[in-house]
Amino acid sequence: MDALVIVPFILMYKQNCANIVICKLYLQSIPLYLSEMAPPRYRGAINNGFELCISLGILFANILNYFVIKITAGWGWRISLSMAALPAAFLTIGVIFLPETPSFIIQRDGDTNKARILLQKLRGTTSVQKELDDLVSASNLSRTTQYPFRNIFKRKYRPQLVVALLIPFFNQVTGINVMNFYAPVMFRTIGLKERASLFSSVVTRLCATFANIIAMMVVDRFGRRKLFLIGGVQMILSQFTVGAILAAKFKDSEDMDNEYAYLVLITMCVFVAGFAWSWGPLTFLVPAEVCPLEIRSAGQSIVVAVVFLMAFVIGQTFLEVLCGIKSGTFFVFGGWICLMTLFVYLFLPETKKLPMEQMEQVWSRHWFWKKIVGEKVEKKQAKSGKTALPSL
């Protein structure tokens, strides 16, 4: 829980693309840390706190920008940018008091007694032996894997590799970073004034923050797939609606009528909310929980690399693409969201409330992935004496 408290401060006052990338570079271990510390039945909610804190950080930054925009002599942006030193200092102090995860204690030190004591504190009960045994088994298997980046390309880890590559890729091609990077520019382009554009960014981020809170409350009840699918449909309709409005009403030579400009704003709020309770938090949760311990570091590294690469591509190309194909840009984003929603429907199994150490069993029961890993997983389960999970 300490991590959930300190995350929003490191994300406060992010002013530009460089700051966002640097902050995310430092924080990518947090979803993995939260996944390993959280009990399975609350793992989704606790991990979604990461995305909530990101939204809070961006919200505070947008509010600050709104109020300092009128400060003259170049001090406005200097004040906004320099405020990042405060959360950075707070984070540096806060991490000193965070314990290592039980998985890491067993993996590094082999100290099962210390891991048991920590598990008992985290779970609030002394009945942790079964979870501890699973952690020890996962750690023993992990020790036999010397090269995680080489092993993740093996056939038995094919589902995890696909998830680690495609989930963050699809996350970025939704167009969400268009809102993070260029929301004020886009709103000014369609006719809103400078302060109205900044205020519109605050409004969209408020919608995202409330959606994050809803996601924390329902993700472990409804599951990951349902949120992915509902959020995907919501984003598809939003992107196509924005594209249609811009195609019909936006002209290069004149501003859009205010009523249509505000309709675009409302639609983008719906889009941001759809992202914030689905692909936003789940992009980091699902890859972290489906990768077994022996390839978990490699899987999370791939997620981070894909996010950085695609954030760079989107950030560098959006304005050029927008000037070139105009409203067609949003239809392109909508097309990508259609594709990724179909991917979730066909290829992503449900993972709610499953212990991370038993997550491999979902692949052996999936209609497609069992053709690739099913037989090996079933043999492994029979050999280890694990009980198969009931059908979801």
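If you're wondering where the values come from, they're calculated on a predicted model, not measured in any experiment.

K.L.:
Now, about helix H8 (residues 112-123): what can you tell me, with residues and values included?
P.N.:
Spanning twelve residues, H8 covers 16 Å between terminal C-alpha atoms, matching the ideal 16 Å at 1.5 Å per step. Listing the buried residues of H8 in full gives Ala115, Leu118, Leu119 and Arg123. What you see down the axis of H8 is that its buried residues fit within an arc of 120°, all on one side. At its buried positions, H8 is contacted by helix H3 (29-37), helix H7 (102-109) and helix H9 (129-143). Taking the backbone nitrogen of Asn113 as reference, a side-chain oxygen 3.3 Å away marks Asp111 as the first, capping residue of H8. In the segment just after H8, Gly124 is the residue with positive phi, at about 70°.

K.L.:
Give me the lowdown on the pattern of salt bridges, citing residues and values where you can.
P.N.:
A side chain of one charge can pair with a side chain of the opposite charge when the charged atoms of the two come close. Taken as a whole and judged by the stated rule, the model has seven salt bridges. With a shortest N-O distance of 2.9 Å, Arg296 and Glu36 are connected by a salt bridge. Placement of the pair is Arg296 in helix H17 (residues 293-325) and Glu36 in helix H3, with a sequence separation of 260 residues. Between Glu289 and Arg43 there is a salt bridge, with its nearest N and O atoms 2.7 Å apart. Residue Glu289 is found in helix H16 (residues 279-290), and its partner Arg43 is found in helix H4 (residues 43-68); the two are separated by 246 residues along the sequence. Residue Glu289 is classed as buried on the basis of its relative accessible area of 0%. Residue Arg43 is classed as buried on the basis of its relative accessible area, which comes to 1%.

K.L.:
Could you give an account of the packing of aromatic side chains, naming the residues involved and the relevant values?
P.N.:
Inspection of every chain in the model, using the stated rule, returns 16 aromatic pairs. Ring geometry for Tyr66 versus Phe67: centroids 5.3 Å apart, planes at 80°, classification edge-to-face. Against the face of Tyr147 rests Arg150, its NZ or CZ located 4.3 Å from the ring centre.

K.L.:
Describe the packing of helix H11 (residues 158-173) against helix H18 (residues 328-347), and please don't skip the residues or the numbers.
P.N.:
Their axes nearest at 9 Å, the elements H11 and H18 cross at an angle of 150°. In terms of orientation, H11 and H18 fall into the roughly antiparallel class. H18 is crossed by H11, and the crossing has left-handed handedness. Contacts between H11 and H18 pair Val162, Leu166, Ile167, Phe169, Phe170 and Val173 from the former with Phe333, Trp336, Leu339, Met340 and Phe343 from the latter.

K.L.:
Any details on the state of the cysteines? Residues and values, ideally.
P.N.:
Counted according to the given criterion, the structure contains zero disulfides. Cys207 forms no disulfide, and the closest cysteine sulfur to it belongs to Cys269, at a distance of 3.7 Å.

K.L.:
Quick one: what's the story with the environment of Ile105, residue by residue and with numbers?
P.N.:
Tracing the chain through its elements places Ile105 in helix H7. Discounting residues that sit within four places of it in the chain, Ile105 has contacts with Glu100, Gly110, Asp111, Lys114, Ala115 and Leu118.

K.L.:
Just give me the short version of H4, but keep the residues and values in it.
P.N.:
Helix length check: H4, at 26 residues, gives a terminal C-alpha distance of 38 Å against a target of 38 Å (1.5 Å per residue), a fit within 8%. H4 sits mainly inside the fold: 22 of its 26 residues count as buried.

K.L.:
Account for unusual backbone geometry, naming residues and giving values.
P.N.:
The phi dihedral of Lys326 is positive, around 55°, even though this residue is not glycine. Inspection of the secondary structure puts Lys326 in the loop between H17 and H18. We note that Lys353 has phi near 65°; this positive angle belongs to a residue other than glycine. Structurally, Lys353 is set in the loop between H18 and helix H19 (361-364).

K.L.:
Got a sec to walk through the environment of Cys338? Specific residues and values, please.
P.N.:
Relative to the elements of secondary structure, Cys338 occurs in helix H18. Between the C-alpha atom of Cys338 and that of Val233, which follows or precedes it by 105 residues, the distance is 7.8 Å. The contact partners of Cys338, leaving out residues within four places of it in the chain, are Ile236 and Phe240.

K.L.:
Residue-level account of the packing of H8 against H9, with values.
P.N.:
Between H8 and H9, the shortest axis-to-axis distance is 10 Å and the interhelical angle comes to 130°. The angle between H8 and H9 falls in the class oblique. Note on packing geometry: the crossing formed by H8 with H9 is right-handed. On the side of H8, the interface is formed by Thr112, Ala115, Arg116, Leu119 and Arg123, while H9 contributes Gln129, Glu131, Leu132, Leu135 and Val136. Among the residues making up the contact of H8 with H9, the classes are represented as five nonpolar, two polar and three charged.

K.L.:
Break down a nonpolar patch on the surface for me, citing the residues and quoting the values.
P.N.:
Together, Leu206, Phe210, Ile213, Ile214 and Met217 make up an exposed nonpolar region whose accessible area comes to about 470 Å². If you trace the backbone, Leu206 turns up in helix H13 (residues 194-222). For Leu206, a relative accessible area of 35% translates into the label partly exposed.

Criteria and cut-off values
- Sequence order as written defines residue numbering, which begins from 1 separately in each chain.
- Whole-chain, interface and lining totals are the exception, using all residues; otherwise, since this is a predicted model, local features are given only for residues with pLDDT of at least 70 and side-chain atom pairs are given and counted only at 80 or more.
- Heavy atoms throughout the structure, all of them, feed into the side-chain values; hydrogens and water do not.
- Runs of H or I in DSSP of at least four residues are treated as helices and runs of E of at least two as strands, each being numbered from the N terminus.
- By this rule the span expected of a helix is its residue count minus one, scaled by 1.5 Å.
- Residue exposure (1.4 Å probe, protein chains only): buried if accessible area is under 20% of the type maximum, exposed if over 50%, otherwise partly exposed.
- It is the directions from the helix axis to the C-beta atoms that the arc portrays.
- What makes two residues a contact is simply this: any of their non-hydrogen atoms within 4.5 Å.
- Pairs of N or O atoms within 3.5 Å make up the polar contacts considered here, provided that, within protein, one atom can donate a hydrogen while the other can accept it, and that residues adjacent in sequence are counted only when both atoms are side-chain atoms.
- Criterion for a salt bridge: a side-chain nitrogen of Lys or Arg within 4 Å of a carboxyl oxygen of Asp or Glu.
- Stacked, tilted and edge-to-face are the three classes assigned to paired rings of Phe, Tyr and Trp, where Trp is represented by its six-membered ring and a pair needs centres within 6.5 Å; plane angles under 30 degrees give stacked, over 60 edge-to-face, the rest tilted.
- Here, over-ring charges are defined by two tests on the NZ atom of lysine or the CZ atom of arginine: distance to the ring centre within 6 Å, and angle to the ring normal within 35 degrees.
- Only the stretch in contact is used when a helix axis is fitted, and all axes are lines through C-alpha atoms; the angle between N-to-C directions ranges over 0 to 180 degrees.
- Any angle that is under 35 degrees is reported as roughly parallel, and any over 145 degrees as roughly antiparallel; angles of 65 to 115 degrees are reported as roughly perpendicular and all others as oblique.
- Put simply, a crossing is left-handed when the front helix is turned counterclockwise from the back one by less than a right angle, and right-handed when it is turned clockwise.
- By convention in this document, the label disulfide applies to cysteine sulfur atom pairs within 2.5 Å.
- Three classes are used: nonpolar for Ala, Val, Leu, Ile, Met, Phe, Trp, Tyr, Cys and Pro, charged for Asp, Glu, Lys and Arg, and polar for all others, with Gly counted as polar.
- Each patch is built from salt-bridge-free residues with over 30% relative accessible area, joining like charges within 9 Å and nonpolar side chains (Val, Leu, Ile, Met, Phe, Trp, Tyr) within 5 Å.
- Residue exposure ignores everything except the shown protein chains as possible cover, and the areas themselves are Shrake-Rupley values with a 1.4 Å probe.

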